Amino acid sequence: MKLKVVSKNAWTILKKTFNAFMDDDVLRLSASLSYYTTFALPPLLIIIISICGIFFGDEAVRGQVFKQINGFVGNDAAKQIQEILKNVTISGSNTLASIIGIILLLIGASGVFSELQSSLNYIWGLKAKPKQGLVKFLKNRLMSFSMIGSVAFLLLVSLMINTLLDLLSNRIMTRFPDVTVYVFYVINVAIVFLIITLLFAIIFKSLPDGKIGWKDSLIGASITAVLFMIGKFAIGAYLGSSKVASTYGAAGSVILILAWVYYSAIILYFGAEFTKSYLLFHRRKIIPYSYSVEIEKTEPEKPKKTKPQ
């Protein structure tokens, strides 16, 4: 009986999530985020690689990042990103030029988080107060910079865990050669799931201009992480087997990157819609901060039917 109630509640939340997903025109928001990410991806990766490179070395971090991107979008698009990273460099010959270059990289990298924040605010029905425009802009940028640091930290943790797993697997493989591959595959999947869940929880908790509890944030983030990991294989299989790259010729790699970010954004925003629907179902609200307000999203008016004269 309890299982039946849980299933009914889950179906109700999912139905509300799908309705809100369509009403908020999430496909358009996802397309917007993919456009911003195309320009923000190179500086974002450079900053993250530079931070993690302090501990592991640039080459090791670049190899790990290339491996992850290759798993998402395929070898051709990953090579294209790698080539872009080689071209986007900061000259160390001039101190002023280096400082300006770093500032421009930070601004470019923060753009994707600003767009993500704006979309999440819309989905959750939040908006900054009119008189808080400049203050809100500065807060957004600072929050975006902190998110870059959070992503770099999570990647650093992931690299450390992978290094420890490699050391352990080499030792265990000598004693249990048949079981080791499967065991460490499960462990790796579990670790990736936890890291992705934590990243989405941080996004839901800190980026929007509203407050939700950590428990609600983690529930929404875990559902999003499950969808994201399923979507990772589905998107990778689709992009790998489709003729998207060959259809667009020289621009094919860029199109693959856009498609990857677009589908990933759809999953992320669906998770945000699910989190809001889950809160509303349990009669809890997203509480706006002091510098923001809750907005009512109204449906466009339908044209009135006129009787023929």
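The rules behind each value
Here the residue index of a chain counts from 1 through its sequence in written order. Restriction of local features to residues with pLDDT of at least 70 applies here, the model being predicted, together with a cutoff of 80 or more for giving and counting side-chain atom pairs; totals for whole chains, interfaces and linings are based on all residues. The basis for every side-chain value is the complete set of heavy atoms in the structure, and neither hydrogens nor water enter the calculation. Labels follow the DSSP assignment, with helices taken as runs of H or I lasting at least four residues and strands as runs of E lasting at least two, numbered in each case from the N terminus. Throughout, a contact is declared for two residues whenever any of their heavy atoms are within 4.5 Å. Throughout this description, the term salt bridge denotes a Lys or Arg side-chain nitrogen within 4 Å of a carboxyl oxygen of Asp or Glu. For every residue, the accessible area (1.4 Å probe, protein chains only) is compared with the maximum for its type, and the residue is labelled buried under 20%, exposed over 50%, or partly exposed between those bounds. Definition used in this section: a nonpolar core is a set of buried Ala, Val, Leu, Ile, Met, Phe, Trp, Tyr and Cys residues joined via side-chain atoms within 4.5 Å. To estimate how far a helix should extend, the number of its residues minus one is multiplied by 1.5 Å. Of all possible arcs, the one meant is that of the directions from the helix axis to the C-beta atoms. Patches draw on residues past 30% relative accessible area with no salt bridge. Two like charges within 9 Å are joined, as are two nonpolar side chains (Val, Leu, Ile, Met, Phe, Trp, Tyr) within 5 Å. Calculation of accessible area relied on Shrake-Rupley with a 1.4 Å probe; when residues are assessed, cover is drawn exclusively from the protein chains displayed. Fitting axes to the seven residues ending at a residue and to the seven starting there, one defines the bend at that residue as the angle between these axes. Polar contacts, as counted here, are pairs of nitrogen or oxygen atoms within 3.5 Å of one another; within protein the pair requires one atom able to donate a hydrogen and one able to accept it, and residues that are adjacent in sequence qualify only if both atoms are side-chain atoms. Here a Phe, Tyr or Trp ring, Trp counted by its six-membered ring, pairs with any other such ring whose centre lies within 6.5 Å, and the pair is stacked when the planes are under 30 degrees apart, edge-to-face when over 60, and tilted otherwise.

Engineer: Looking at this structure, I do not really get the overall build of the protein chain. What am I missing?
Structural biologist: For the protein chain, the count of helices and strands is ten helices and four strands. Each helix and strand of the protein chain, ordered N terminal to C terminal, gives the series α-α-α-α-α-β-α-α-β-α-α-α-β-β. Restricting the contact set of the protein chain to residue pairs at least 6 apart, pairs at least 24 apart contribute 80%.

Engineer: Whenever I open this one, the pattern of salt bridges confuses me. Can you help?
Structural biologist: Note on pairing: side chains with opposite charge can pair once their charged atoms come close. Following the criterion strictly, the structure yields three salt bridges and no others. A salt bridge links Arg28 to Asp25; the nearest nitrogen and oxygen atoms lie 3.0 Å apart. A salt bridge links Glu294 to Lys285; the nearest nitrogen and oxygen atoms lie 3.5 Å apart. Residue Glu294 is classed as partly exposed on the basis of its relative accessible area of 44%.

Engineer: What is the right way to look at the nonpolar core in this model?
Structural biologist: Counting 47 residues, the largest nonpolar core has Leu116, Leu120, Trp124, Phe200, Ile203, Phe204 and Tyr269 as its most contacted members. With eleven residues, helix α10 (residues 252-281) is the largest single contributor of residues to this core. Not counting the four nearest positions on each side in its chain, Leu116 is found in contact with Leu33, Ile203, Leu207, Leu268 and Tyr269.

Engineer: How should I be thinking about unusual backbone geometry in this particular structure?
Structural biologist: The phi torsion of most residues other than glycine is negative, and most of the peptide bonds are trans. With phi around 55°, Asp25 is a residue other than glycine that occupies positive phi space. With respect to the element layout, Asp25 can be found in the loop between α1 (2-23) and α2 (26-56).

Engineer: Would you mind showing me how to read the environment of Leu194 here?
Structural biologist: Secondary-structure assignment places Leu194 in helix α7 (residues 177-206). C-alpha of Leu194 to C-alpha of Ser222: the two residues are 28 residues apart in sequence and 8.2 Å apart in space.

Engineer: In this structure, what is going on with α1? I would like to understand it.
Structural biologist: Side chains of residues three or four places apart in an α-helix project in the same direction, reflecting 3.6 residues per turn. In a regular helix each residue adds 1.5 Å, so 22 residues correspond to 32 Å; α1 covers 32 Å between its end C-alpha atoms and thus fits that length. Listing the buried residues of α1 in full gives Ile13, Thr17 and Phe21. When α1 is viewed along its axis, its buried side chains cluster within an angular range of 80° and face the same direction. The exposed set on the far side of α1, more than 90 degrees from its buried face, consists of Lys4, Lys8, Trp11, Met22 and Asp23. Of the residues flanking the end of α1, it is Asp25, one or two places downstream, whose phi is positive at about 55°.

Engineer: Looking at this model, I keep getting lost on a nonpolar patch on the surface. Mind explaining?
Structural biologist: A contiguous nonpolar patch, built from Tyr185, Val186, Val189 and Phe233 and spanning about 410 Å² of accessible area, is present on the exposed surface. Here the nonpolar patch gets three residues from one element, more than from any other, and that element is α7. Mapped onto the fold, Val186 is located in helix α7.

Engineer: In this structure, what is going on with α2? I would like to understand it.
Structural biologist: Its 31 residues place the ends of α2 only 38 Å apart at the C-alpha level, less than the 45 Å of an ideal helix rising 1.5 Å per residue. Of all the bends in α2, the greatest reaches close to 50° and is centred on Ala40; the proline Pro42 follows between one and four positions later.

Engineer: Whenever I open this one, the environment of Arg284 confuses me. Can you help?
Structural biologist: Secondary-structure assignment places Arg284 in the loop between α10 and β3 (287-288). Sequence separation between Arg284 and Asp216 is 68 residues; the distance between their C-alpha atoms is 9.6 Å. Here Arg284 is in contact with Asp216, Tyr278 and Leu279, once residues within four sequence places are set aside. A distance of 2.7 Å separates a polar atom in the side chain of Arg284 from a polar atom in the side chain of Asp216.

Engineer: Help me out: how do you make sense of the environment of Gly271 in this one?
Structural biologist: Here Gly271 is to be found in helix α10. Each C-alpha atom of the pair Gly271 and Ala221 lies 6.9 Å from the other, and the pair is 50 residues apart in sequence. Residue contacts for Gly271: discarding those within four places in its chain leaves Phe204 and Thr224.

Engineer: Help me out: how do you make sense of the packing of aromatic side chains in this one?
Structural biologist: Two aromatic rings are characterised by how far apart their centres lie and by the angle between their planes. All chains considered together, the criterion is met by seven aromatic pairs. Arranged with centres 6.0 Å apart and planes meeting at 45°, the rings of Trp124 and Phe204 form a pair that is tilted. Taken together, the residues Trp124 in the loop between α5 (95-123) and β1 (126-128) and Phe204 in helix α7 connect sequence positions 80 residues apart. Residue classification places Phe204 among the buried residues on the basis of a relative accessible area of 0%. Where Phe274 meets Tyr278, the ring centres are 6.4 Å apart and the plane angle is 20°; that geometry is what we call stacked.

Bear in mind that shape data such as this cannot, by itself, settle questions of function.
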